[in-house]
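Letter by letter, the chains look like this.
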Amino acid sequence: ISRNWVQGIDHVAGLPRALRCLNLSYNDLNVPGAVKVSKLLCEPVQRLQLLYLQKNLIGDDGACVIADALMTNTTLQLLDLSDNFIRVDGATFLVAMLRTNTTLQRLHANDNPFGAVGFSLFEGSADQMLGLSLLELQRCRVGRRGELAFGRLTIALDPEDASSSEEEED
């Protein structure tokens, strides 16, 4: 599905109700596209379970509208927000949503620059994220490596065997 298609929809009447997976990655949706996707997530007739929004430059504002829509969504199980330039403000909205949403099981938020402060928000609320089983935060400049376990929730950070050459170049 192209960016033009997403930018042109004002409602989800054109989407099949049986749609379970939607991949809008690499479409430069920005915030206006995130707003349209959030409306889709709020539609009671839509049963979307997997949503891929990787590399769409939605930033903190886009993360906010997506998180707000997921406060009441009861069908989405996987969300990929990797590489969307989400910083601490966006991480704050996502953490608040994860405390409420019990349906979302996997959140991929790799390659977003929210750093150690954003990571501490996720880590500090890990025991309150009741539905989530996997949170991917690789290459988010958090300053830690490996995996952390909080009950049934696993937070995946940069791999333990990651090349140290990246750190030396910084």
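My aim in this report is to walk through the structure given alongside it, one point at a time. Quantities reported herein were computed from a predicted structural model and do not represent experimental measurements. The written sequence of each chain sets the order in which its residues are numbered from 1. Given that this is a predicted model, residues contribute local features only at a pLDDT of at least 70 and side-chain atom pairs are listed and counted only at 80 or more, while totals for whole chains, interfaces and linings are drawn from all residues. Excluding hydrogens and water, the side-chain values take into account all heavy atoms of the structure.

1. Considerations on the side chain of S125
Move 1: Structurally, S125 can be placed in the loop between α5 (115–124) and β5 (134–136).
Move 2: Whenever a nitrogen or oxygen atom comes within 3.5 Å of another N or O atom, the pair is scored as a polar contact, on the condition that within protein one atom can donate a hydrogen and the other can accept it, and that pairs from neighbouring residues in sequence are kept only if both atoms are in side chains. For S125, the side chain forms a polar contact with the side chain of R99, separated by 2.5 Å.
Move 3: Here, residues are in contact when the closest pair of their heavy atoms is within 4.5 Å. Aside from chain neighbours lying at most four places away, what touches S125 is V95 and R99. Segments assigned H or I by DSSP are reported as helices when at least four residues long, segments assigned E as strands when at least two residues long, and all are numbered from the N terminus.

2. Observations regarding the pairing of strand β7 (residues 153–156)
Move 1: Between any two strands, pairing holds if DSSP finds at least two bridges. Where β5 lies against β7, three bridges are found, and the strand directions are parallel. Pairing of L134 across the sheet is with T154, part of β7.

3. A short note on helix α2 (residues 30–42)
Move 1: Every helix has an expected span of 1.5 Å times one less than the residues it contains. For α2, with 13 residues, the first-to-last C-alpha span of 19 Å sits near the 18 Å given by 1.5 Å per residue.
Move 2: Only protein chains enter the accessibility calculation, which uses a 1.4 Å probe. A residue is then buried if its area is under 20% of the maximum for its type, exposed if over 50%, and partly exposed in between. Those residues of α2 that fall on the buried side of the exposure criterion are G33, A34, K36, V37, S38, L40 and L41.

4. Let's talk about the environment of L107
Move 1: Relative to the assigned elements, L107 resides in strand β4 (residues 106–108).
Move 2: Ignoring anything within four residues of it in the chain, the contact list for L107 reads L79, L81, L98, F122, L132, L134, L135 and E136.

5. Considerations on the pattern of salt bridges
Move 1: The term salt bridge refers to a pairing of a side-chain nitrogen on Lys or Arg with a carboxyl oxygen on Asp or Glu at a separation within 4 Å. For the structure on display, the rule yields two salt bridges.
Move 2: When the shortest N-O distance is used, the salt bridge between D83 and K55 registers 3.5 Å. You can see D83 sitting in the loop between β3 (78–80) and α4 (88–100) and its partner K55 sitting in the loop between β2 (50–52) and α3 (59–70), a full 28 residues away along the chain.
Move 3: Residue D83 is classed as partly exposed on the basis of its relative accessible area of 26%.
Move 4: With a relative accessible area of 38%, K55 lands in the partly exposed category.
Move 5: Its salt-bridge partner being R139, residue D111 comes within 2.8 Å of it at the nearest N-O pair. Taken together, the residues span a long stretch of sequence, with D111 in the loop between β4 and α5 and R139 in the loop between β5 and β6 (147–150) at a distance of 28 residues.
Move 6: Exposure remark for R139: the relative accessible area of 42% places this residue in the partly exposed category.

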